[in-house]
Amino acid sequence: MRGSCNPTNPRDRAVCMTNCPTLIVTVGLPARGKTYISKKLTRYLNWIGVPTKEFNVGQYRRECLKIYKSFEFFRPDNEEGLKIRRQCATSALNDVRQYLSVEGGQVAVFDATNTTRERRATIVKFAEQNGFKVFFVESVCDDPDVIAQNIVQVKLGSPDYIHCSSDEAIEDFMKRIKCYESSYQPLDEVLDRDLSYIKIMDVGSRFLVNRVVDHIQSRIVYYLMNIHITPRSIYLCRHGESDLNIKGRIGGDSALSARGKEFAKRLRQFLQEQNIKDLKVWTSQMKRTIQTAECLGVQYEQWKALNEIDAGVCEEMMYEEIQEHFPLEFALRDQDKYRYRYPKGESYEDLVQRLEPVIMELERQENVLVVCHQAVMRCLLAYFLDKTAEELPYLKCPLHTVLKLTPVAYGCKVESFCLSVDAVNTHRDRPENVNVQRSTEDALQTVPAHF
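Residues numbered from 1 in each chain as written. Predicted model: local features only at pLDDT ≥ 70, side-chain atom pairs only at ≥ 80, totals over all residues. Heavy atoms only, no water.

## A short note on the sheet that holds strand E11 (residues 401-408)
Formally: When DSSP finds two or more bridges between a pair of strands, those strands are recorded as paired. Helix and strand assignments come from DSSP, with helices taken as H or I runs of at least 4 residues and strands as E runs of at least 2, each series counted from the N terminus. By definition in these notes, contact holds between two residues if any of their heavy atoms fall within 4.5 Å. To get an axis, a line is fitted to the C-alpha atoms, and for a helix only the part in contact is used. The angle between two axes follows their N-to-C directions and goes from 0 to 180 degrees.
The strand order across the open sheet built from 6 strands is E9-E8-E10-E7-E11-E12, with neighbouring strands paired in mixed fashion. Two strands bound the open sheet, and with one partner strand each, they are strand E9 (301-302) and strand E12 (411-418). Bridge analysis of strand E7 (residues 234-238) against E11 gives 4 bridges, and the strand direction is antiparallel. Following the sheet pairing, Ile-234 is matched in E11 by Leu-405. Where helix H13 (residues 348-364) meets the sheet, it contacts E7, strand E8 (280-283) and strand E10 (368-372), and its direction lies at approximately 175° from that of E8.

## Remarks on the packing of H13 against helix H14 (residues 374-385)
Note the following rule: Comment on the angle field: the value is read as roughly parallel under 35 degrees, roughly antiparallel over 145, roughly perpendicular from 65 to 115, and oblique elsewhere. Working rule for handedness: look at the near helix, and if it is turned counterclockwise from the far one by less than a right angle, call the crossing left-handed; if clockwise, right-handed. Following the grouping adopted for this structure description, the nonpolar residues are Ala, Val, Leu, Ile, Met, Phe, Trp, Tyr, Cys and Pro, the charged ones are Asp, Glu, Lys and Arg, and the polar ones are all others, Gly among them.
Packing of H13 against H14 brings their axes to within 9 Å, and their N-to-C directions diverge by 60°. Put simply, H13 runs oblique to H14. The interaxial crossing formed by H13 with H14 has right-handed handedness. Along its contact with H13, which presents Tyr-348, Leu-351, Val-352, Leu-355, Val-358, Ile-359, Leu-362 and Glu-363, the element H14 presents Ala-375, Val-376, Arg-378, Cys-379, Leu-380, Tyr-383 and Phe-384. Here the residues of the contact of H13 with H14 are counted per class, giving 13 nonpolar, no polar and 2 charged.

## Focus on the pattern of salt bridges
To keep things clear, this is the line we draw: For this analysis, a salt bridge means a side-chain nitrogen from Lys or Arg found within 4 Å of a carboxyl oxygen belonging to Asp or Glu. For every residue, the accessible area (1.4 Å probe, protein chains only) is compared with the maximum for its type, and the residue is labelled buried under 20%, exposed over 50%, or partly exposed between those bounds.
In the structure shown here, the tally under the stated rule is 23 salt bridges. The partner of Arg-249 in a salt bridge is Glu-321, and the shortest N-O contact between them spans 2.9 Å. Of this pair, Arg-249 sits in the loop between helix H8 (243-246) and helix H9 (258-274) while Glu-321 is found in helix H11 (residues 319-325), placing the two residues 72 residues apart along the sequence. Here Arg-249 falls in the partly exposed class, since its relative accessible area comes to 24%. Because the salt bridges share partners, they merge into one network encompassing Arg-61, Arg-62, Asp-160 and Arg-176.

## Brief notes about the packing of aromatic side chains
The geometry of an aromatic ring pair comes down to the distance between the two centres and the angle between the two planes. Convention followed: Classification of ring pairs rests on two measures: the distance between centres of Phe, Tyr or Trp rings, Trp counted by its six-membered ring, which must be within 6.5 Å, and the angle between planes, read as stacked under 30 degrees, edge-to-face over 60 and tilted in between. Counted as over-ring charges are cases with an Arg CZ or a Lys NZ within 6 Å of the ring centre that also lie within 35 degrees of the ring normal.
Across all of its chains, the model carries 15 aromatic pairs by this definition. When the centroid spacing of 5.1 Å and the interplanar angle of 85° are considered together, the rings of Phe-73 and Phe-74 count as edge-to-face. Phe-73 gets classed as buried once you look at its relative accessible area, which sits at 10%. Ring plane angle 80° and centroid distance 4.9 Å describe the contact between Tyr-383 and Phe-384, whose orientation is recorded as edge-to-face. Overall, the relative accessible area of 5% leaves Phe-384 in the buried class. Linked through ring pairs, Tyr-68, Phe-73, Phe-74, Tyr-161, Phe-173 and Tyr-180 together constitute an aromatic cluster. Positioned over the ring face of Tyr-383 is Arg-43, at 4.7 Å from the centre of the ring. Its guanidinium or amino end placed over the ring of Tyr-319, Arg-428 lies 5.5 Å from that ring's centre, counting from NZ or CZ.

## Regarding the packing of helix H1 (residues 34-47) against H13
Where H1 meets H13, the axes come as close as 11 Å, and the angle between the chain directions of the two elements is 155°. Taken together, the axis directions place H1 and H13 in an arrangement best described as roughly antiparallel. On H13, the residues touching Lys-40, Tyr-44 and Trp-47 of H1 are Val-352, Leu-355, Glu-356, Ile-359, Met-360 and Glu-363. Taken together, the residues that form the contact of H1 with H13 break down as 6 nonpolar, no polar and 3 charged.

Now the structure itself:
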C-alpha cells in the first residue's frame, strides 16, 4: 500500500509516510551536468527496480517555444520569457503529479536550474500538497575547463543551436549562463538546513549531504558519490565457448572447448591491439571465465557476484530435458523471464540485485574488461544501454564477441568486435506460444542447435 500525506494546513510541513513517492529536484547553473546526473540516476533507479521518470523542463520549453532565438529569452528582466518558463515548469510538475499519483511511479526527477530559493519553496509546497518527499541534487562547478567541455559535448548538439555555428552557440550559451548567475542562490547549510539534499562540488571532488531521511535517498547519495566523468571504456565479453555450451546444457562449471581456448588467445591479441591504458580485468569465480582470463597474460580479479545465474534444479540440463521433466516451469519462465526464479535457483531480477555492487564499482573505475556469462552480460548491458526489464533477458550476447562501451554525453556508444572464432549459438528467443498447455514442439520452437 502506497503512503501519502495530506496536511490539514497546507502551510505546515507534512510528514510523509515511509513509502510515499520521491521527487528529486536538480539545482544549479546551466552546463553543470544536471541533465547528465538526472539521466544516469533515472537509468540506475529503473535498473534496480524503482519505477523512475525524468522530467526535463528545457524540453517542455522547446515544445512550447518552437524556435529559440537567443539568450535574451533567459534575461531576468524578460517578462514574457519568465512567464513562459513558469508555465513550462508548472506543466512539468503537473506531469510529475500524474506519474507519481496515478501511474504508479515511485521517483520523479525534476530536471531544471531551480536556482532561486523562491522556486525551490514553490516545489516543496507542491510536494507537500501531493504527499511527495523532496530530495535536492545541486551541482556546483567553477572549473572553466569542465564547463567548456560540457558546453562542447552537450549543448552544441542541442536543438536550440542547430542553425548556429559552434562559435555562435558557445557565445550565446555563455551569455545564457550569465542570465542565471545574478539570481543564483545555492543551497545553504544554515538557511536550507531543513531540506534533504546532496551538493556535488566540482564533478565529485567534494560532497555535502544533508538530512537523508529514507532508503531511497541513501541509495541516491550512494550512487551519486560513485559516478565520475573521466573518459574511459568498459569492455564486456563472455568466456570462451565451454564444453557444456557445445552440448546445449545450461549452467554448470565446465572447462573451455578447443574453440573457447582459441578465442582466449584471440582476445589477448585484441587487447594488445587496442592498447588500453591501465586496463583492469574482472572474471567470475567459474572455471570458464578464469581459463579465458589466464590466457591474457595480465592480472585479473575474481568476483563471485559475476557468477552465472543459478539455474537451480535445472543446472546442466538441456532445454529439451527441462521441457520433458519440468514443462510447467519451462512455460512459466517463457511467460515472464525477468521475474521467473528457477526452483532452488535465481531469477534475472535476483541477478540484478547481486550485480549492483559490480555496477557501482564499474562506475568508480576507468578502463575495465569484464569476462562473464550470458545472463550476467545481459544485466550489465541493460544498465549501460537503459533497457527495460522486458528487454533485458533477450539481449543478444554471442560467444566470442567483445562489446566496447564508451560513455558519451547522455548515453553510451557501443562497438561490437567479433573475434572470428566459430562458436555455438546459445541465444533462445521467446517462443510465440507460452501457454502452460502448449505442445513440446511449440515449447522447443526457438531452442538453438547443439550437438
